[in-house]
Amino acid sequence: MATNISGELSETSKDALKFHHPYTPYDVQLEFMKATYDVLQEGNGQVGILESPTGTGKSLSLICAAVTWLRNQKRGQFEESLQVDRDQFKNEPDWMIDQMLRRKRDDLVRRWEEREGRLTKIRMKEKSMEQRAAIKRRRLENPNMKGLDKDEEDEFLLDNWNSQDVDENGSLATFSKETQALLEKVGLGAPKSQDPDDSEPDDEIKFRDTALATLPDIEDMHQVGKTLQVCPYYASRTAIPGAEIITLPYPLLLQKSARDALGIKLEGNVVIIDEAHNIMDAVANVAIMVLSIPMLYWKRKALIKLICSN
(Lines give C-alpha, C1' and ligand atoms only; values in the text may rest on other atoms or scores of the structure.)
Protein backbone atom coordinates (compact mmCIF):
# COMPACT_ATOMS: atom_id res chain seq x y z
CA MET A 1 0.00 0.00 0.00
CA ALA A 2 1.49 3.29 -1.08
CA THR A 3 2.35 5.81 1.63
CA ASN A 4 4.21 9.08 1.54
CA ILE A 5 7.16 10.01 3.75
CA SER A 6 4.95 11.16 6.63
CA GLY A 7 3.20 7.78 6.67
CA GLU A 8 -0.12 9.21 5.54
CA LEU A 9 -2.02 7.64 2.70
CA SER A 10 -1.89 9.44 -0.61
CA GLU A 11 -5.20 10.63 -2.03
CA THR A 12 -5.05 7.94 -4.72
CA SER A 13 -4.50 5.20 -2.14
CA LYS A 14 -7.32 6.47 0.07
CA ASP A 15 -9.73 6.46 -2.85
CA ALA A 16 -8.66 2.89 -3.71
CA LEU A 17 -9.23 1.57 -0.19
CA LYS A 18 -11.73 -1.25 0.11
CA PHE A 19 -13.44 -1.09 3.49
CA HIS A 20 -15.45 -4.29 2.88
CA HIS A 21 -18.68 -2.64 3.95
CA PRO A 22 -21.45 -5.27 3.80
CA TYR A 23 -23.68 -2.84 1.91
CA THR A 24 -23.11 -0.05 -0.57
CA PRO A 25 -21.94 2.74 1.76
CA TYR A 26 -23.34 6.25 1.58
CA ASP A 27 -21.00 9.17 0.98
CA VAL A 28 -21.18 10.14 4.65
CA GLN A 29 -20.15 6.61 5.61
CA LEU A 30 -17.22 6.66 3.19
CA GLU A 31 -16.01 9.96 4.61
CA PHE A 32 -16.38 8.61 8.13
CA MET A 33 -14.40 5.45 7.32
CA LYS A 34 -11.65 7.42 5.56
CA ALA A 35 -11.35 9.80 8.51
CA THR A 36 -11.15 6.86 10.93
CA TYR A 37 -8.51 5.17 8.78
CA ASP A 38 -6.45 8.38 8.63
CA VAL A 39 -6.43 8.70 12.42
CA LEU A 40 -5.33 5.08 12.84
CA GLN A 41 -2.70 5.40 10.13
CA GLU A 42 -1.25 8.51 11.74
CA GLY A 43 -0.37 6.62 14.93
CA ASN A 44 2.00 8.12 17.51
CA GLY A 45 -0.74 8.66 20.08
CA GLN A 46 -3.02 10.41 17.60
CA VAL A 47 -6.47 11.18 19.03
CA GLY A 48 -9.50 11.48 16.79
CA ILE A 49 -12.96 12.71 17.76
CA LEU A 50 -15.43 11.80 15.03
CA GLU A 51 -19.09 12.74 14.84
CA SER A 52 -21.78 11.80 12.38
CA PRO A 53 -25.56 12.39 12.29
CA THR A 54 -27.88 9.90 13.94
CA GLY A 55 -28.83 6.95 11.76
CA THR A 56 -25.79 7.08 9.46
CA GLY A 57 -24.36 3.74 10.59
CA LYS A 58 -21.47 5.04 12.68
CA SER A 59 -20.80 1.79 14.53
CA LEU A 60 -20.68 -0.33 11.38
CA SER A 61 -18.51 2.22 9.58
CA LEU A 62 -16.19 2.36 12.57
CA ILE A 63 -15.82 -1.42 12.60
CA CYS A 64 -15.18 -1.61 8.84
CA ALA A 65 -12.51 1.10 8.93
CA ALA A 66 -10.77 -0.33 12.00
CA VAL A 67 -10.69 -3.91 10.70
CA THR A 68 -9.47 -2.74 7.28
CA TRP A 69 -6.64 -0.80 8.90
CA LEU A 70 -5.78 -3.78 11.10
CA ARG A 71 -5.58 -6.13 8.11
CA ASN A 72 -3.38 -3.70 6.17
CA GLN A 73 -1.19 -3.16 9.22
CA LYS A 74 -0.74 -6.91 9.70
CA ARG A 75 0.07 -7.32 6.02
CA GLY A 76 2.67 -4.55 6.26
CA GLN A 77 4.26 -6.17 9.31
CA PHE A 78 4.39 -9.49 7.48
CA GLU A 79 6.17 -7.96 4.50
CA GLU A 80 8.53 -6.08 6.81
CA SER A 81 9.42 -9.27 8.65
CA LEU A 82 10.61 -10.75 5.34
CA GLN A 83 13.17 -8.04 4.81
CA VAL A 84 16.85 -8.75 5.41
CA ASP A 85 19.53 -6.14 5.89
CA ARG A 86 21.78 -7.01 2.98
CA ASP A 87 24.63 -4.97 4.46
CA GLN A 88 25.00 -7.62 7.18
CA PHE A 89 25.56 -10.25 4.50
CA LYS A 90 27.46 -8.22 1.92
CA ASN A 91 30.11 -10.93 1.73
CA GLU A 92 27.50 -13.57 0.91
CA PRO A 93 26.42 -14.32 -2.67
CA ASP A 94 23.06 -13.02 -3.86
CA TRP A 95 21.69 -16.51 -4.35
CA MET A 96 22.30 -17.24 -0.65
CA ILE A 97 20.39 -14.12 0.43
CA ASP A 98 17.55 -14.92 -1.96
CA GLN A 99 17.42 -18.44 -0.55
CA MET A 100 17.19 -17.05 2.99
CA LEU A 101 14.34 -14.76 2.01
CA ARG A 102 12.52 -17.62 0.31
CA ARG A 103 12.93 -19.89 3.32
CA LYS A 104 11.82 -17.16 5.69
CA ARG A 105 8.68 -16.51 3.65
CA ASP A 106 7.94 -20.24 3.42
CA ASP A 107 8.39 -20.60 7.18
CA LEU A 108 5.96 -17.76 7.93
CA VAL A 109 3.43 -19.11 5.44
CA ARG A 110 3.75 -22.60 6.92
CA ARG A 111 3.08 -21.35 10.44
CA TRP A 112 0.08 -19.35 9.21
CA GLU A 113 -1.30 -22.38 7.36
CA GLU A 114 -0.84 -24.58 10.44
CA ARG A 115 -2.77 -22.11 12.57
CA GLU A 116 -5.53 -21.77 9.99
CA GLY A 117 -5.69 -25.54 9.62
CA ARG A 118 -6.17 -25.98 13.35
CA LEU A 119 -8.86 -23.30 13.45
CA THR A 120 -10.60 -24.87 10.45
CA LYS A 121 -10.62 -28.22 12.22
CA ILE A 122 -12.23 -26.61 15.26
CA ARG A 123 -14.90 -24.94 13.12
CA MET A 124 -15.69 -28.21 11.32
CA LYS A 125 -16.12 -30.08 14.60
CA GLU A 126 -18.22 -27.24 15.98
CA LYS A 127 -20.48 -27.48 12.93
CA SER A 128 -20.67 -31.25 13.29
CA MET A 129 -21.69 -30.93 16.93
CA GLU A 130 -24.38 -28.41 16.01
CA GLN A 131 -25.75 -30.82 13.41
CA ARG A 132 -25.83 -33.68 15.93
CA ALA A 133 -27.57 -31.43 18.44
CA ALA A 134 -30.18 -30.53 15.83
CA ILE A 135 -30.77 -34.23 15.10
CA LYS A 136 -31.23 -34.94 18.81
CA ARG A 137 -33.72 -32.10 19.13
CA ARG A 138 -35.71 -33.46 16.20
CA ARG A 139 -35.64 -36.96 17.72
CA LEU A 140 -36.99 -35.60 20.98
CA GLU A 141 -39.76 -33.82 19.12
CA ASN A 142 -40.46 -36.90 16.98
CA PRO A 143 -39.75 -40.15 18.88
CA ASN A 144 -40.43 -42.23 15.75
CA MET A 145 -37.53 -40.62 13.90
CA LYS A 146 -34.56 -42.89 13.28
CA GLY A 147 -31.16 -41.40 13.99
CA LEU A 148 -27.85 -41.93 15.67
CA ASP A 149 -27.86 -44.31 18.61
CA LYS A 150 -24.46 -43.31 19.93
CA ASP A 151 -24.51 -40.57 22.52
CA GLU A 152 -21.87 -38.08 21.47
CA GLU A 153 -22.91 -35.25 23.76
CA ASP A 154 -19.64 -35.25 25.70
CA GLU A 155 -17.45 -35.21 22.61
CA PHE A 156 -15.54 -31.95 22.37
CA LEU A 157 -14.06 -29.98 19.53
CA LEU A 158 -10.39 -30.71 20.01
CA ASP A 159 -10.23 -34.33 21.08
CA ASN A 160 -8.05 -35.66 18.28
CA TRP A 161 -5.09 -33.38 18.02
CA ASN A 162 -2.24 -34.78 15.97
CA SER A 163 1.37 -33.72 16.24
CA GLN A 164 4.08 -34.55 13.75
CA ASP A 165 7.46 -35.74 14.88
CA VAL A 166 10.12 -33.25 13.93
CA ASP A 167 13.64 -34.32 13.14
CA GLU A 168 16.13 -32.79 15.53
CA ASN A 169 17.98 -30.99 12.74
CA GLY A 170 14.88 -30.43 10.61
CA SER A 171 15.33 -29.65 6.95
CA LEU A 172 18.62 -27.85 7.67
CA ALA A 173 20.52 -31.12 7.99
CA THR A 174 21.37 -31.05 4.28
CA PHE A 175 23.22 -27.71 4.62
CA SER A 176 26.79 -27.21 5.73
CA LYS A 177 27.54 -25.97 9.25
CA GLU A 178 28.45 -22.53 7.90
CA THR A 179 25.14 -22.27 6.05
CA GLN A 180 23.19 -23.48 9.09
CA ALA A 181 24.89 -20.84 11.25
CA LEU A 182 24.02 -18.16 8.70
CA LEU A 183 20.38 -19.26 8.56
CA GLU A 184 20.13 -19.35 12.35
CA LYS A 185 21.53 -15.81 12.45
CA VAL A 186 18.52 -14.54 10.51
CA GLY A 187 16.05 -16.56 12.55
CA LEU A 188 15.76 -19.61 10.29
CA GLY A 189 17.34 -22.20 12.54
CA ALA A 190 16.07 -25.72 13.05
CA PRO A 191 12.76 -25.94 14.90
CA LYS A 192 12.93 -26.80 18.56
CA SER A 193 11.88 -30.28 19.54
CA GLN A 194 8.44 -30.46 21.06
CA ASP A 195 8.10 -31.35 24.70
CA PRO A 196 6.16 -34.63 24.87
CA ASP A 197 4.34 -33.33 27.94
CA ASP A 198 2.93 -30.47 25.84
CA SER A 199 1.62 -32.63 22.99
CA GLU A 200 -1.94 -32.63 24.33
CA PRO A 201 -3.41 -29.21 25.17
CA ASP A 202 -5.10 -28.78 28.52
CA ASP A 203 -8.72 -27.75 28.90
CA GLU A 204 -8.01 -24.02 29.16
CA ILE A 205 -6.04 -24.14 25.90
CA LYS A 206 -8.94 -25.97 24.26
CA PHE A 207 -11.27 -23.29 25.56
CA ARG A 208 -8.98 -20.57 24.21
CA ASP A 209 -8.71 -22.10 20.74
CA THR A 210 -12.45 -22.63 20.56
CA ALA A 211 -13.12 -19.02 21.55
CA LEU A 212 -10.69 -17.71 18.92
CA ALA A 213 -11.89 -20.06 16.18
CA THR A 214 -15.67 -19.85 16.52
CA LEU A 215 -16.30 -16.42 18.11
CA PRO A 216 -18.98 -17.72 20.48
CA ASP A 217 -21.35 -15.45 22.36
CA ILE A 218 -21.53 -15.46 26.15
CA GLU A 219 -24.08 -18.30 26.29
CA ASP A 220 -21.93 -20.46 24.00
CA MET A 221 -18.84 -19.76 26.11
CA HIS A 222 -20.76 -20.86 29.19
CA GLN A 223 -21.64 -24.13 27.47
CA VAL A 224 -18.05 -24.71 26.31
CA GLY A 225 -16.79 -24.10 29.85
CA LYS A 226 -19.41 -26.50 31.21
CA THR A 227 -18.36 -29.18 28.72
CA LEU A 228 -14.67 -28.77 29.57
CA GLN A 229 -15.39 -28.33 33.29
CA VAL A 230 -13.50 -25.04 33.45
CA CYS A 231 -14.67 -21.61 34.55
CA PRO A 232 -15.48 -19.71 31.33
CA TYR A 233 -14.94 -16.35 33.03
CA TYR A 234 -11.32 -17.07 33.93
CA ALA A 235 -10.57 -19.38 31.00
CA SER A 236 -11.63 -16.69 28.53
CA ARG A 237 -8.66 -14.60 29.68
CA THR A 238 -6.31 -17.08 28.00
CA ALA A 239 -7.70 -15.92 24.63
CA ILE A 240 -6.75 -12.28 25.22
CA PRO A 241 -3.06 -12.48 24.13
CA GLY A 242 -3.99 -14.09 20.81
CA ALA A 243 -6.96 -11.85 20.08
CA GLU A 244 -6.65 -8.97 17.64
CA ILE A 245 -9.82 -7.20 18.76
CA ILE A 246 -11.08 -7.08 22.35
CA THR A 247 -14.45 -5.58 23.26
CA LEU A 248 -15.21 -4.63 26.83
CA PRO A 249 -17.51 -2.26 28.74
CA TYR A 250 -16.45 1.14 30.03
CA PRO A 251 -15.68 0.11 33.65
CA LEU A 252 -13.18 -2.57 32.57
CA LEU A 253 -11.52 -0.13 30.18
CA LEU A 254 -11.31 2.82 32.56
CA GLN A 255 -10.18 1.01 35.72
CA LYS A 256 -6.49 0.12 35.76
CA SER A 257 -7.02 -2.60 38.36
CA ALA A 258 -9.60 -4.25 36.10
CA ARG A 259 -7.28 -4.04 33.08
CA ASP A 260 -4.41 -5.52 35.07
CA ALA A 261 -6.61 -8.39 36.26
CA LEU A 262 -7.54 -9.17 32.65
CA GLY A 263 -4.00 -8.75 31.35
CA ILE A 264 -4.98 -5.87 29.05
CA LYS A 265 -2.44 -3.14 28.36
CA LEU A 266 -3.28 0.13 26.64
CA GLU A 267 0.32 0.87 25.64
CA GLY A 268 0.99 0.04 22.02
CA ASN A 269 -2.68 -0.65 21.28
CA VAL A 270 -5.48 1.25 19.58
CA VAL A 271 -8.43 2.21 21.79
CA ILE A 272 -11.71 2.91 20.02
CA ILE A 273 -14.68 4.20 22.04
CA ASP A 274 -18.06 3.99 20.38
CA GLU A 275 -20.95 6.09 21.72
CA ALA A 276 -18.35 8.32 23.35
CA HIS A 277 -20.97 10.84 24.51
CA ASN A 278 -21.47 8.48 27.46
CA ILE A 279 -17.81 8.50 28.46
CA MET A 280 -18.08 11.32 31.03
CA ASP A 281 -20.88 9.55 32.88
CA ALA A 282 -18.85 6.34 32.77
CA VAL A 283 -15.80 8.09 34.25
CA ALA A 284 -17.96 9.58 36.99
CA ASN A 285 -19.52 6.21 37.77
CA VAL A 286 -16.11 4.59 38.11
CA ALA A 287 -15.09 7.17 40.73
CA ILE A 288 -18.41 7.22 42.61
CA MET A 289 -18.80 5.54 45.99
CA VAL A 290 -22.26 5.08 47.48
CA LEU A 291 -22.45 5.68 51.25
CA SER A 292 -25.52 4.75 53.26
CA ILE A 293 -26.75 6.67 56.32
CA PRO A 294 -25.60 3.96 58.79
CA MET A 295 -22.19 3.95 57.12
CA LEU A 296 -21.91 7.74 57.45
CA TYR A 297 -22.93 7.50 61.11
CA TRP A 298 -20.28 4.83 61.74
CA LYS A 299 -17.60 6.88 59.93
CA ARG A 300 -18.53 9.99 61.94
CA LYS A 301 -18.31 8.06 65.18
CA ALA A 302 -14.92 6.60 64.23
CA LEU A 303 -13.63 10.06 63.24
CA ILE A 304 -14.73 11.60 66.57
CA LYS A 305 -13.06 8.77 68.45
CA LEU A 306 -9.85 9.30 66.49
CA ILE A 307 -9.85 13.06 67.20
CA CYS A 308 -10.48 12.56 70.91
CA SER A 309 -7.69 10.01 71.18
CA ASN A 310 -5.21 12.54 69.82
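The structure under discussion appears in the preceding block.
Since the model is a prediction, treat every value here as computed from it, not as a measurement.

Engineer: Please give an account of the overall build of the chain that cites residues and values.
Structural biologist: Looking only at helices and strands, one finds 12 helices and zero strands in the chain. Counting from the amino terminus, helix and strand elements in the chain follow one another as α-α-α-α-α-α-α-α-α-α-α-α. Restricting the contact set of the chain to residue pairs at least 6 apart, pairs at least 24 apart contribute 62%. Accessible surface for the chain amounts to roughly 23,300 Å². Of this, 53% is attributable to carbon and sulfur atoms.

Engineer: For the layout of surface pockets, give the residues involved together with the corresponding values.
Structural biologist: To find leftover empty space, a probe the size of one water molecule is rolled over the atoms. In this structure, the largest pocket encloses a volume near 1,900 Å³. Leu-212, Gly-242, Ala-243, Glu-244 and Ile-245 are, among the 45 residues lining the largest pocket, the residues nearest its centre. Secondary-structure elements contributing two or more residues to the lining of the largest pocket are helix 3 (58-81), helix 4 (94-141), helix 6 (203-214), helix 7 (218-228) and helix 8 (232-235). If one sorts the elements of the lining of the largest pocket by residue count, helix 4 sits on top with nine residues.

Engineer: Account for the packing of helix 2 (residues 27-42) against helix 3, with residues named and values stated.
Structural biologist: At their nearest, the axes of helix 2 and helix 3 sit 9 Å apart, and the two run at 40° to each other. Taken together, helix 2 and helix 3 sit at an angle that is classed as oblique. As for how helix 2 packs across helix 3, the hand of that crossing is right-handed. Where helix 2 abuts helix 3, its residues Gln-29, Phe-32, Met-33, Thr-36, Tyr-37, Leu-40 and Gln-41 lie against Lys-58, Ser-61, Leu-62, Cys-64, Ala-65, Ala-66, Thr-68, Trp-69 and Asn-72. In terms of residue class, the contact of helix 2 with helix 3 is made up of nine nonpolar, six polar and one charged.

Engineer: Tell me about the pattern of salt bridges, residues and numbers included.
Structural biologist: If charged atoms from side chains of opposite charge come close, those side chains can pair. Under the counting rule described, the total for this entry stands at seven salt bridges. Residue Asp-107 is joined to Arg-111 by a salt bridge in which the shortest nitrogen-to-oxygen separation is 3.3 Å. You can see Asp-107 and its partner Arg-111 sitting in helix 4, four residues apart, about one turn around the helix. We note a salt bridge from Lys-256 to Asp-260, for which the minimum N-O separation is 2.9 Å. One end of the pair, Lys-256, and the other, Asp-260, are both in helix 10 (residues 256-262), four residues apart, so they sit about a helical turn from each other. Given a relative accessible area of 46%, Asp-260 falls into the partly exposed group. In this structure, a network of salt bridges that share partners links the residues Asp-107, Arg-110, Arg-111 and Glu-114.

Engineer: Could you give me a rundown of the packing of aromatic side chains, with the residues and numbers involved?
Structural biologist: Tallied over the entire structure, the rule returns two aromatic pairs. Considering the side-chain rings of Tyr-233 and Tyr-234, the 5.0 Å spacing of their centres and the 85° angle between planes classify their relative orientation as edge-to-face.

Engineer: Got a sec to walk through a negative patch on the surface? Specific residues and values, please.
Structural biologist: Where like charges cluster on the molecular surface, the negative patch consists of Glu-130, Asp-217, Glu-219 and Asp-220. Its location among the elements puts Glu-219 in helix 7. Assessed through its relative accessible area of 54%, Glu-219 is described here as exposed.

Engineer: Explain the environment of Gln-83 residue by residue, including any values.
Structural biologist: Within the secondary structure layout, Gln-83 lies in the loop between helix 3 and helix 4. On the accessibility criterion, Gln-83 (55% relative accessible area) is exposed. Measuring from C-alpha to C-alpha, the distance between Gln-83 and Arg-105 comes to 9.7 Å, with 22 residues separating the pair along the chain. Ignoring any residue separated from it by four or fewer positions in sequence, one finds Gln-83 in contact with Leu-101 and Lys-104.

Engineer: Tell me what's going on with helix 7, and back it up with residues and numbers.
Structural biologist: Along helix 7, the residues classified as buried are Val-224, Gly-225 and Leu-228. Mapping the buried residues of helix 7 onto a view down its axis gives an arc of 100°, with all of them on the same face. Turned more than 90 degrees away from the buried face of helix 7 sit Glu-219 and Lys-226, all of them exposed. Lining the buried residues of helix 7 we find helix 6 and helix 8. Two or three places before Glu-219, at the opening of helix 7, Asp-217 has a side-chain oxygen 3.2 Å from that residue's backbone nitrogen. Among the residues trailing helix 7, Gln-229 stands out with phi positive, at a value near 60°.

Thresholds applied
- Residues numbered from 1 in each chain as written.
- Predicted model: local features only at pLDDT ≥ 70, side-chain atom pairs only at ≥ 80, totals over all residues.
- Heavy atoms only, no water.
- Helix = DSSP H or I, 4+ residues; strand = E, 2+ residues; numbered from the N terminus.
- Contact = heavy atoms within 4.5 Å.
- Areas by Shrake-Rupley, 256 points an atom, 1.4 Å probe, with all protein chains shown as cover.
- 1 Å grid on protein atoms, 1.4 Å probe; cavity = no way out; pocket = protein on both sides within 12 Å on 5 of 7 lines; lining within 4 Å.
- Points joined across faces, edges and corners; volume = space filled by probe spheres on them.
- Axes fitted to C-alpha atoms, helices over the stretch in contact; angles between N-to-C directions.
- Parallel < 35°, antiparallel > 145°, perpendicular 65-115°, else oblique.
- Left-handed = near helix turned anticlockwise from the far one by under 90°.
- Nonpolar A, V, L, I, M, F, W, Y, C, P; charged D, E, K, R; others polar.
- Salt bridge = Lys/Arg side-chain N within 4 Å of Asp/Glu carboxyl O.
- Buried < 20%, exposed > 50% of the residue type's maximum accessible area, 1.4 Å probe, protein only.
- Phe/Tyr/Trp six-rings, centres within 6.5 Å; stacked < 30°, edge-to-face > 60°.
- Patch = residues over 30% accessible without salt bridge, like charges linked within 9 Å, V, L, I, M, F, W, Y side chains within 5 Å.
- Lys, Arg positive; Asp, Glu negative; His and termini not counted.
- Charge placed at Lys NZ, Arg CZ, Asp CG, Glu CD.
- Arc of directions from axis to C-beta.
- Polar contact = N/O pair within 3.5 Å; in protein donor to acceptor, adjacent residues only side chain to side chain.

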